[in-house]
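# Secondary and tertiary structure notes
For reference, the chains in residue letters:
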Amino acid sequence: MQGIYSIEFLTEQAKAWVSMNQYQHLLELMCVLLSIYFWLQRAYKPKSKGKKKLTREEIELACKQWKSVPLGEPPHSAAEVAWKRNSLAAEYDYVMKSESRETVDVADVKGALNLASFNFSGLQGSDQVKEACAETMKHYGCGSCGPRGFYGTTDVHLRCEERVAEFCGSKDAIVYSFGTATMSSVIPAFCKRDDVLICDEGVSYAVQAGCHLSRSQIHWFKHNDVEDLKRILEDIRQADVADPKRPSRQRRFIVLEALYTDYGDFSPLKEIIKLKKQYKYRLIVDESNSIGVLGASGHGVCEELDIPRDEIEVSGGDFSPALGTIGGFIVGERIVVNHQRLSGAGYCFSAAQPPYLATAAIEGTDRDSLTCLLGFGVFGSVLTNSFPFCSHELVGFRGRITSCETATVNAQVSRSPVRGMRKICRGTWR
């Protein structure tokens with residue numbers, strides 16, 4: 001019975017080694033030499049020559065003499081703040097002199113309607129949100145200390161994701177640290193080179209950046225023009241006839257906004273969903289402006305149009321317009337969310353959202369669930385804040401509202417604040 005290391009076995013191994021490529025021989029020889037070199041090396045120790053070891057008394061004396069240096073400038077005195085404010089007022093015509101809320105103090109005017117902010121619901125100045133954020137800072141500090149995939153995740157982030165998923169009626173959610181980076185991260189996470197993106201011409205900068213970063217084939221259709229979208233879909237289908245294998249190699253998406261930032265109008269979502277089913281596309285929807293505004297309780301475009309949430313494969317947006325905090329979110333199936341945890345650039349390579357900002361998002365959605373059903377909730381204030389347009393002549397960016405029907409404040413006038421505003425205010429621009 002021959003052993004494992006018999007003469008015949010060793011001879012076969014030697015013949016096999018000799019028959020190998022000469023470059024492989026060289027590589028194996030280098031590995032052997034490096035192994036021998038590192039094996040013979042002594043353990044490395046830092047050079048300590050010329051360094052004097054301090055005694056315990058010297059260490060205590062150095063600690064007593066040490067003085068901390070402030071990380072930033074010392075707080076300004078009241079006189080310096082007043083001087084800076086007056087210098088700004090002299091340089092600019094209007095300077096905000098109060099906290100950014102629905103109404104602000106500008107120059108000598110008090111209670112001016114704030115049109116320079118996306119703070120639709122007034123949550124940014126809410127005392128209840130501030131108190132909740134302050135309590136979170138006492139426990140977790142100011143920052144998150146790292147990306148979510150390393151050591152930046154806290155239980156507050158996990159609660160925030162659960163709450164956002166519940167609020168939007170989705171199975172799972174993922175939270176990003178910056179709203180603009182949300183859509184510009186999720187699109188490249190699912191779309192790569194040679195994939196197909198069909199985008200509305202009116203999408204925001206964040207969506208445009210995500211489309212270009214994906215390096216996909218981008219087709220632009222006219223803003224809210226379903227017929228132009230159908231024309232592009234049909235052209236791509238005709239091109240597939242020449243190359244039948246191309247659809248199986250490509251991922252194809254239709255990208256749009258639920259409520260457009262640059263236009264202020266709605267997307268024809270129901271018609272687009274029919275087209276995406278007909279031509280076998282997936283849908284990416286930016287709901288930055290629709291969450292907290294559309295729907296009977298501010299739950300977004302799906303609640304407003306009575307569309308099942310799973311009809312939209314990827315939806316999300318920015319927290320700042322209606323929820324009054326910094327960050328972004330994406331909701332969808334669990335496989336969609338989990339894919340971003342390793343592929344979303346803004347999630348993997350950015351520091352996590354500070355815990356107190358995640359608390360602000362939780363607080364914003366909780367306030368809605370408790371009070372909006374009564375008709376006077378946070379998102380119902382969107383309707384209330386629109387009344388100055390109906391009751392006053394407001395000089396706007398394009399003209400002024402000259403006619404309006406008066407109505408009693410009633411948040412139950414329609415299913416959503418936006419529709420209620422349209423029913424109450426019948427203004428004409430000139």
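Residues numbered from 1 in each chain as written. Predicted model: local features only at pLDDT ≥ 70, side-chain atom pairs only at ≥ 80, totals over all residues. Heavy atoms only, no water.

So, about the environment of T261. Secondary-structure assignment places T261 in the loop between β6 (252-257) and α11 (269-279). Polar contacts involving the side chain of T261 include one to the side chain of E257, which spans 3.3 Å. Here the side chain of T261 touches N289 through a polar contact of 2.6 Å, side chain to side chain. (Helix = DSSP H or I, 4+ residues; strand = E, 2+ residues; numbered from the N terminus. Polar contact = N/O pair within 3.5 Å; in protein donor to acceptor, adjacent residues only side chain to side chain.)

Bringing the packing of aromatic side chains into the picture now. With the rule as written, the count across this model stands at 3 aromatic pairs. Plain terms: the ring middles of Y37 and F38 are 5.4 Å apart, the flat faces sit at 70° to each other, and that makes the pair edge-to-face. Owing to a relative accessible area of 46%, Y37 belongs among the partly exposed residues under this scheme. Note on F38: relative accessible area 58%, which makes it exposed. Aromatic side chains F319 and F329 sit 5.4 Å apart centroid to centroid with 20° between the ring planes, which places their arrangement in the stacked category. Of the two residues, F319 sits in the loop between β8 (314-318) and α13 (320-323) while F329 sits in strand β9 (residues 328-332), which places them 10 residues apart along the sequence. Judged on exposure class, the residue F319 and its partner F329 are both buried. (Phe/Tyr/Trp six-rings, centres within 6.5 Å; stacked < 30°, edge-to-face > 60°. Buried < 20%, exposed > 50% of the residue type's maximum accessible area, 1.4 Å probe, protein only.)

This part covers a nonpolar patch on the surface. A cluster of nonpolar side chains, L29, V32, L33, I36, W39 and L40, forms an exposed patch at the surface whose accessible area comes to about 700 Å². As for its placement among the helices and strands, L40 is situated in helix α2 (residues 22-40). You can call L40 exposed: its relative accessible area is 64%. (Patch = residues over 30% accessible without salt bridge, like charges linked within 9 Å, V, L, I, M, F, W, Y side chains within 5 Å. Areas by Shrake-Rupley, 256 points an atom, 1.4 Å probe, with all protein chains shown as cover. Salt bridge = Lys/Arg side-chain N within 4 Å of Asp/Glu carboxyl O.)

A few words now on the confidence of the model for the protein chain. Overall, the prediction assigns the protein chain a mean pLDDT of 79, with 77% of residues at 70 or greater. Mean pLDDT values for the elements of the protein chain range from 39 in helix α19 (residues 417-424) up to 96 in strand β4 (residues 196-200). Note on residues 368-378: pLDDT is under 50 here. Beyond four places in sequence and across chains, it has 23 contacts. (pLDDT = per-residue confidence, 0-100. Contact = heavy atoms within 4.5 Å.)

We now examine the sheet that holds strand β3 (residues 172-176). One open sheet holds the 7 strands; their spatial order is β3-β9-β8-β7-β6-β4-β5, and the pairing between them is mixed. Lying at the two open borders of the sheet, with one neighbouring strand each, are β3 and β5 (217-221). On average, adjacent strands in this sheet sit at an angle of 20° to one another, irrespective of strand direction. In the packing of helix α6 (residues 155-168) onto the sheet, contacts are made with β3 and β9, and the angle to β3 comes to roughly 125°. (Pairing = 2+ DSSP bridges. Axes fitted to C-alpha atoms, helices over the stretch in contact; angles between N-to-C directions.)

Bringing the environment of F253 into the picture now. Here F253 is to be found in strand β6. Overall, F253 belongs to the buried group, its relative accessible area being 3%. As for F253 and D195, which are separated by 58 residues in sequence, their C-alpha atoms are 8.5 Å apart. If sequence neighbours within four positions are ignored, F253 has contacts with F190, C191, V196, L197, I198, Y281, R282, L283 and I284.

Our focus in this paragraph is the nonpolar core. In this structure, I187, I198, L269 and L283 are the most contacted members of the largest nonpolar core, which totals 49 residues. Apart from residues lying up to four places away in sequence, I198 is in contact with H219, F221, L229, I232, L233, I236, F253, I254, V255 and Y281. One finds I291, L323, A358 and A361 within the second-largest nonpolar core, a separate group that totals 16 residues. (Core = buried A, V, L, I, M, F, W, Y, C linked by side-chain atoms within 4.5 Å.)

Attention now moves to the environment of R231. Turning to its location among the elements, R231 is positioned in helix α9 (residues 226-242). Note: C-alpha distance between R231 and F221 (10 residues apart in sequence) is 8.9 Å. Polar side-chain contacts of R231 include one of 2.7 Å to the side chain of D228.

This paragraph deals with the packing of helix α7 (residues 180-190) against helix α14 (residues 334-343). The contact between α7 and α14 brings their axes to 10 Å, and the two run at 100°. Regarding the angle of α7 to α14, the classification is roughly perpendicular. The residues of α14 that touch α7, namely those facing V186, A189 and F190, are V336, H339, Q340 and S343. Grouping the constituent residues of the contact of α7 with α14 by class yields 4 nonpolar, 3 polar and no charged. (Parallel < 35°, antiparallel > 145°, perpendicular 65-115°, else oblique. Nonpolar A, V, L, I, M, F, W, Y, C, P; charged D, E, K, R; others polar.)

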